Amino acid sequence: MLHGSITNSSDISQLDHFIYAAKFKPAFPLLMALSIIYIVMLTGYWLCRRSNKRFRLFYAGSLLFWILGAIVADSPTIGGHYFTMLFMTAGAGSAAMALLSVLRAKCWRGEELK
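The rules behind the values
- In this convention, every chain numbers its residues from 1, walking through the sequence in written order.
- It should be noted that, the model being predicted, local features are given only for residues of pLDDT at least 70 and side-chain atom pairs only at 80 or more, the latter also being counted only at that level, while totals for whole chains, interfaces and linings use all residues.
- To obtain the side-chain values, all non-hydrogen atoms of the structure were used and water was disregarded.
- What is meant by a nonpolar core is a set of buried Ala, Val, Leu, Ile, Met, Phe, Trp, Tyr and Cys residues, joined one to another through side-chain atoms within 4.5 Å.
- Burial here depends on accessible area, computed with a 1.4 Å probe over protein chains only, as a share of the maximum for the residue type. Under 20% is buried, over 50% is exposed, and the range in between is partly exposed.
- Any pair of residues with heavy atoms lying within 4.5 Å of one another is described as a contacting pair.
- Note on scores: pLDDT gives the predictor's confidence for each residue, bounded by 0 and 100.
- Secondary structure counts use DSSP, requiring at least four H or I residues in a row for a helix and at least two E residues in a row for a strand, with both numbered from the N terminus.
- Note on patches: the residues involved have over 30% relative accessible area and no salt bridge, like charges join within 9 Å, and the nonpolar side chains Val, Leu, Ile, Met, Phe, Trp and Tyr join within 5 Å.
- To measure how exposed things are, a 1.4 Å probe is used in the Shrake-Rupley method; for residues, cover is taken only from the protein chains shown.
- By convention in these notes, a salt bridge is any Lys or Arg side-chain nitrogen within 4 Å of a carboxyl oxygen on Asp or Glu.
- Working definition: the arc comes from the directions between the helix axis and the C-beta atoms, pointing outward to the latter.

1. Some details on the nonpolar core
Formed by 14 residues in total, the largest nonpolar core has its most connected members in Ile37, Met41, Tyr59, Phe65, Phe83, Leu86 and Phe87. Excluding its chain neighbours within four sequence positions, the residues that come into contact with phenylalanine 87 are Ile37, Phe65, Trp66, Leu68, Gly69 and Val72.

Quick look at the structure:
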């Protein structure tokens, strides 16, 4: 709209192609997002595995996934619904990892859970 009409595919940026694919044909963009989430989580685990406090703080960042899920939740397209489910599931999994880390640390030290 800003630069005139679109006459060929080179006028559309790669980001626009990705957004279109994510909205209407979400299989490959979902695989890409899932792979990126896996790589980030694995890297965070690898970097924070020696310190329980850093590990819990890293996985407490699951709030970011829930925020992304909430942003995409209003999308009327099928891809938006799939991305919402992906981000909410990743957020729940990350929160579960943080909770398990806290529980494991408390039980390891022999403290009672209150």
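2. What to know about the confidence of the model for the protein
For the protein, per-residue confidence averages 80 on the pLDDT scale, and residues scoring 70 or more make up 90% of the total. At the low end of the mean pLDDT range in the protein sits helix α3 (residues 52-59), at 77; at the high end sits helix α2 (residues 27-48), at 88.

3. A closer look at a nonpolar patch on the surface
Together, Leu63, Leu64, Trp66, Ile67, Leu68, Ile71 and Met88 give the surface a local cluster of nonpolar side chains, amounting to about 640 Å² of exposed area. Considering each element in turn, the nonpolar patch owes the most residues, six residues, to helix α4 (residues 62-72). The topology assignment puts isoleucine 67 in helix α4. Note on isoleucine 67: relative accessible area 43%, which makes it partly exposed.

4. Some details on α4
Within α4, burial applies to Ser62, Phe65 and Gly69. Along the long axis of α4, the arc covered by the buried residues comes to 50°, so they all point the same way. Opposite its buried face, α4 presents the exposed residues Leu63, Leu64 and Ile71, each directed more than 90 degrees away.

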